[in-house]
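Observations on the three-dimensional arrangement
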Number of protein chains: 2
Amino acid sequence: MRADARKNYSHILAVARDVVAEHGADASMRDIARRAGVGLATLLRHFPTREALFEALLRTNLDALTEKAGELETSSSPDEALVSWFREMVAFVQSYSGVVALMASAHEDPDSALYATCAAVHSAGARLLLRAQTEGTARADLDGVELFGLMSALGWLVGQPGFAPREDHLFHVMTSAILTNRPCTDIKKAA
Amino acid sequence: MRADARKNYSHILAVARDVVAEHGADASMRDIARRAGVGLATLLRHFPTREALFEALLRTNLDALTEKAGELETSSSPDEALVSWFREMVAFVQSYSGVVALMASAHEDPDSALYATCAAVHSAGARLLLRAQTEGTARADLDGVELFGLMSALGWLVGQPGFAPREDHLFHVMTSAILTNRPCTDIKKAA
DNA sequence: CCATTATACGGATCACTGATCCATTTGTCA
DNA sequence: TGACAAATGGATCAGTGATCCGTATAATGG
């Protein structure tokens with residue numbers, strides 16, 4: 001790749017990160033190109049589709065999440081690790097609104113550029129889950145994909161207008177569905 | 001309203017219901033108009049925005065759900081009623097993909113055409129929830145909005161590619177987060 | 001039953017989107 | 001410096017939702 005092309009590539013990616021953070025996953029490609037100071041054609045040659053752009057955009061974040069899962073695996077108790085990672089995943093999904101759908105379809109399509117990255121995230125989560133399940137603190141009838149799904153769903157929900165203020169509580173409800181040792185802490189028990 | 005206009009209104013609505021069921025919430029307005037045999041301008045005069053069209057489309061479904069909640073309130077046990085209604089809500093959200101976001105924003109905006117309808121659904125769900133909470137079979141720290149949110153999130157999730165086959169299981173996980181008397185039925189309990 | 005009038009209709013058009021083409025510019029290397 | 005491949009971006013295309021306005025028609029009064 002020529003030097004100027006490489007520079008544009010990085011610059012576009014940086015600008016795209018800002019614009020997407022501002023306008024969500026359906027930001028205008030023209031807008032991104034304009035703000036990057038390049039023509040639309042240039043943007044679209046570097047990233048032929050919207051998915052390709054997101055792929056590049058998300059790869060670093062997803063890799064970081066995968067790595068984070070590995071760290072938590074050794075630094076925290078199984079259920080604490082799972083909850084911490086869950087929280088980070090939710091925050092991630094929420095911050096790039098509209099991105100989960102992309103990841104879900106990427107996970108279904110082995111040819112997708114995001115496929116490997118998604119699979120890594122899934123299996124990283126699955127390992128954290130398995131560790132908690134072995135200890136008996138997570139419900140046994142879950143797998144990594146479902147864990148990912150629940151995280152995505154929560155991230156999606158708290159990204160919807162009106163639900164952001166309830167994020168902490170909804171997070172608590174959702175984790176108590178996954179973990180077995182913190183069942184409904186603040187609930188008036190019957191019997 | 002003139003007779004032909006009224007006829008067009010109903011016809012467009014019926015066609016829109018089909019098209020949306022086929023192509024989801026971002027179906028082309030031109031497409032709907034074409035299939036209804038009217039000009040795009042006519043469609044857009046009857047329903048100035050996409051939201052206006054969905055408003056009309058969803059009102060009947062939502063009213064039906066509200067009514068259903070009332071029926072269940074007298075015909076089933078509190079937790080059975082809640083679960084049944086939960087299931088219907090999830091199916092509804094899933095069938096009209098992309099619609100929840102619309103309802104969420106409608107619920108935030110008192111001027112929205114869907115506001116009253118949404119509020120009715122929320123309070124109908126809240127009543128079912130309260131009944132189960134009084135009996136002690138639903139966790140007490142939930143309100144109608146959160147119940148609606150969890151239903152929406154699940155509906156959204158099972159509408160994503162790859163998660164549809166897991167609908168039943170995810171439904172089970174989610175309900176066990178809400179109910180207290182069926183905590184993780186198929187799980188190896190710790191201690 | 002016909003003439004008038006208000007109403008509804010829809011083709012044409014606009015601004016916008018992502019995608020593609022290709023003449024021009026620019027980096028690179030001999 | 002010269003030549004060539006590579007990268008660029010303006011122009012253009014089909015698609016979207018929205019708007020305008022001349023035309024067709026339903027409703028109404030004579």
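1. Comments concerning the packing of helix α7 (residues 115-135) of chain A against helix α8 (residues 144-158) of chain A
Residues and elements named next belong to chain A. Interhelical geometry of α7 versus α8 gives an angle of 100° and a closest axis separation of 8 Å. Here α7 lies roughly perpendicular to α8, going by the angle between them. Here V121, H122, G125, A126 and L129 of α7 lie close against α8, whose contacting residues are G144, V145, L147 and F148. Its residues assigned to classes, the contact of α7 with α8 shows six nonpolar, three polar and no charged.

2. A look at the relation of the copies chain A and chain B
Least-squares fitting of chain A to chain B yields an RMSD of 0.2 Å, with the superposition described by an axial translation of 0.0 Å and a rotation of 180°. Here the symmetry operator amounts to a two-fold rotation axis. Closest approach to the rotation axis among the C-alpha atoms of chain A is made by A177(A), whose C-alpha sits 2.2 Å away. When the interface residues of chain A are mapped onto chain B, 100% of them are again interface residues, pointing to one common binding face.

3. Considerations on the protein's contact with DNA strand D
Residues in close proximity to DNA strand D total 24 residues, the closest being R2(A), N8(A), R45(A), M29(B) and R30(B). Among atoms of DNA strand D positioned within 4 Å of the protein, sugar and phosphate together represent 58%. Within the side chain of H46(A), an N or O atom sits 3.3 Å from a phosphate oxygen of DNA strand D. At 3.2 Å, a side-chain N or O of S28(B) approaches a phosphate oxygen of DNA strand D. Counting residues per element, the ones that place at least two in the surface near DNA strand D are α1 (3-23) and α3 (40-46) of chain A together with α1 (3-23), α2 (29-36) and α3 (40-46) of chain B. Per-element tally for the surface near DNA strand D: the top contributor is α3(A), with four residues. Taken together, the residues of the surface near DNA strand D break down into eleven nonpolar, five polar and eight charged.

4. What about the protein's contact with DNA strand C?
Neighbouring residues of DNA strand C: 25 residues in total, closest M29(A), R30(A), R50(A), R2(B) and N8(B). Considering DNA strand C, the proportion of its atoms within 4 Å of the protein that are sugar or phosphate atoms stands at 59%. The backbone of A3(A) places a nitrogen or oxygen atom 3.3 Å from a phosphate oxygen of DNA strand C. Between DNA strand C and M29(A) there is a distance of 2.7 Å, counted from a phosphate oxygen to a backbone nitrogen or oxygen. If you list the elements that add at least two residues to the surface near DNA strand C, you get α1, α2 (29-36) and α3 of chain A together with α1 and α3 of chain B. When residues of the surface near DNA strand C are assigned to their parent elements, the largest contribution, four residues, is made by α3(B). Its residues assigned to classes, the surface near DNA strand C shows eleven nonpolar, six polar and eight charged.

5. Some thoughts on the domain arrangement of chain A
All names here are of chain A. The domains assigned to chain A are domain 1 (1-48) and domain 2 (49-178). When domain 1 packs against domain 2, close to 1100 Å² is buried across both sides, 66% of that on carbon and sulfur atoms. The largest per-residue losses of area from domain 1 upon contact with domain 2 belong to R17, V20 and A25, which jointly make up 45% of the total buried on that side. At the junction of domain 1 with domain 2, the criterion picks out zero salt bridges. Connecting domain 1 to domain 2 are seven residue pairs in polar contact (both at pLDDT 80 or more). Counting residues per element, the side of domain 1 that touches domain 2 draws most heavily on α1, at five residues. Taken together, the residues that form the side of domain 1 that touches domain 2 break down as ten nonpolar, one polar and two charged.

6. Considering the nonpolar core
In this structure, L82(A), W85(A), F86(A), L82(B), W85(B) and F86(B) are the most contacted members of the largest nonpolar core, which totals 134 residues. Beyond its immediate stretch of four places on either side in the chain, L82(A) contacts L128(A), L129(A), A132(A), A138(A), L147(A), I178(A) and L179(A).

7. A short note on the packing of helix α5 (residues 78-95) of chain A against α7(A)
All names here are of chain A. Axis separation between α5 and α7 bottoms out at 8 Å; the angle between their running directions is 150°. Accordingly, the angle class assigned to the pair α5 and α7 is roughly antiparallel. Note that α5 runs across α7; the crossing there is left-handed. Taking contact as the criterion, the partners of P78, D79, A81, L82, W85 and M89 in α5 are, on α7, V121, G125, L128, L129, R131, A132 and E135. For the contact of α5 with α7, a count of residues per class yields nine nonpolar, one polar and three charged.

8. Points about the pattern of salt bridges
Residues and elements named next belong to chain B. The final tally for this structure, using the stated rule, is 20 salt bridges over all chains. Ionic pairing is found between R2 and D4, a salt bridge with its closest N-O pair at 3.0 Å. Under the relative-accessibility criterion, R2 is labelled exposed at 62%. Relative accessible area serves as the criterion here: at 38%, D4 is assigned to the partly exposed category.

About the cut-offs
Residues numbered from 1 in each chain as written. Chains lettered and ligands numbered in written order. Predicted model: local features only at pLDDT ≥ 70, side-chain atom pairs only at ≥ 80, totals over all residues. Heavy atoms only, no water. Axes fitted to C-alpha atoms, helices over the stretch in contact; angles between N-to-C directions. Helix = DSSP H or I, 4+ residues; strand = E, 2+ residues; numbered from the N terminus. Parallel < 35°, antiparallel > 145°, perpendicular 65-115°, else oblique. Contact = heavy atoms within 4.5 Å. Nonpolar A, V, L, I, M, F, W, Y, C, P; charged D, E, K, R; others polar. Least-squares fit on C-alpha atoms with pLDDT ≥ 70 in both. Near = heavy atom within 4 Å. Polar contact = N/O pair within 3.5 Å; in protein donor to acceptor, adjacent residues only side chain to side chain. Domains from an automatic or database assignment. Buried area = accessible area lost by both parts, 1.4 Å probe. Salt bridge = Lys/Arg side-chain N within 4 Å of Asp/Glu carboxyl O. Core = buried A, V, L, I, M, F, W, Y, C linked by side-chain atoms within 4.5 Å. Buried < 20%, exposed > 50% of the residue type's maximum accessible area, 1.4 Å probe, protein only. Left-handed = near helix turned anticlockwise from the far one by under 90°.

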